[in-house]
Amino acid sequence: MSIQKVQYEEALAEYSNSLDAIALLRQYRPYLEMIPSMRRPDESVIAIPLPIVRLRGTSSAGSTSMIAAASESLCLPCDVSILMCDPEWKIKTGVEIFIFIHRPQEDFSDLLSRWRQTQVYLSRGYEWDMPLRHRHIMSEGSDSTYPLFVIFEGTPERVKRGLKGAYLPFVTRRSPESSVEESSALSEAELLWTDDREDTLS
């Protein structure tokens with residue numbers, strides 16, 4: 001079974017919302033634990049679909065499609081970027097997570113290339129083109145960049161094997177019914193973990 005464009009579009013639309021992006025991170029606990037405050041999630045996570053950055057230097061990887069002039073703005077080949085923000089100080093932290101949703105007709109090499117291209121682009125130093133409501137937050141780039149791949153039940157097995165072989169984290173997108181359930185309030189166990197974590201940090 002192949003991936004349909006509507007599946008990709010639905011996933012992109014969903015993860016463009018910060019709370020739904022957090023629901024996605026709940027499927028990969030190491031990234032969930034990077035969120036500054038689960039008590040104020042909407043102020044702690046900024047989700048940017050099809051993000052744009054301003055590069056400071058010239059980057060080249062042997063392909064004309066991967067050359068960026070100094071200070072040029074470009075759209076990253078990821079689908080959503082998730083930036084962490086300190087809700088108290090209203091400043092961006094150093095953690096940046098890049099979401100790559102498996103696209104229709106995309107094979108493993110295509111999917112992996114999008115992450116590699118993102119790494120190359122960001123290696124030269126960059127600033128974020130922040131959404132209007134977050135323009136007051138410093139947009140300096142970070143060295144702490146993490147990928148997360150989203151695949152579907154219809155994703156070819158070789159893509160899954162490739163991601164496992166490259167030790168790249170991925171989650172399988174569930175049915176719409178399951179997605180609604182995952183977007184509900186945090187479970188009691190997670191709330192206890194959140195309270196303990198923030199009490200320790202305070």
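Predicted, not measured: the structure shown is a model, and the values here were computed from it. Counting restarts for each chain, with residues numbered from 1 along the sequence as it is written. Reporting of local features is limited, given that this is a predicted model, to residues whose pLDDT is at least 70; pairs of side-chain atoms are given and counted only at 80 or more, and all residues count toward the totals for whole chains, interfaces and linings. Excluded from the side-chain calculations are hydrogens and water; all other atoms, namely the structure's heavy atoms, are used.

**Notes on the sheet that holds strand S5 (residues 91-101)**
Phase 1 of the analysis: Criterion used throughout: strands pair if DSSP finds at least two bridges between them. Helix and strand definitions follow DSSP, with helices as H or I runs of at least four residues and strands as E runs of at least two, each counted in order from the N terminus. Taking strand neighbours across the sheet as the criterion, the five strands line up as S1-S4-S5-S7-S8 in an open arrangement whose pairing is mixed. Unpaired on one side and paired on the other, strand S1 (45-49) and strand S8 (170-172) mark the two borders of the sheet. Pairs of neighbouring strands in the sheet enclose a mean axial angle of 25°, with direction left out of account.
Phase 2 of the analysis: Should any heavy atoms of two residues lie within 4.5 Å, those residues are considered in contact. Axis definition: a line fitted to C-alpha atoms, limited for helices to the stretch in contact. Angles are taken between N-to-C directions and run from 0 to 180 degrees. Across the sheet, helix H2 (residues 18-25) touches S1, strand S4 (80-86), S5, strand S7 (144-151) and S8, and the angle it forms with S1 is around 100°.

**Some remarks on the packing of aromatic side chains**
Any two aromatic rings considered together are summarised by their centre-to-centre distance and by the angle between their planes.
Phase 1 of the analysis: Think of it this way: a Phe, Tyr or Trp ring, Trp meaning its six-membered ring, pairs with another when their centres are within 6.5 Å, and the plane angle makes it stacked under 30 degrees, edge-to-face over 60, tilted otherwise. If you walk through the whole model with that rule in mind, you get seven aromatic pairs.
Phase 2 of the analysis: Between Phe98 and Trp128, the aromatic rings sit 5.9 Å apart at their centres with planes inclined by 25°, giving stacked as the arrangement. With Phe98 in strand S5 and Trp128 in strand S6 (residues 126-128), this residue pair connects regions lying 30 residues apart in the sequence. Grouping residues by exposure puts Phe98 and Trp128 together as buried.
Phase 3 of the analysis: With centroids separated by 5.8 Å and ring planes inclined at 85°, the aromatic side chains of Tyr126 and Trp128 adopt a geometry described as edge-to-face. Here Tyr126 and Trp128 have matching classes, each one buried.
Phase 4 of the analysis: Three or more aromatic residues joined by ring pairs form one cluster here, namely Phe98, Phe100, Trp115, Tyr126, Trp128 and Phe149. Categorising residues by exposure relies on relative accessible area from a 1.4 Å probe, with only protein chains included: less than 20% of the type maximum marks a residue as buried, more than 50% marks it as exposed, and the intermediate range marks it as partly exposed.

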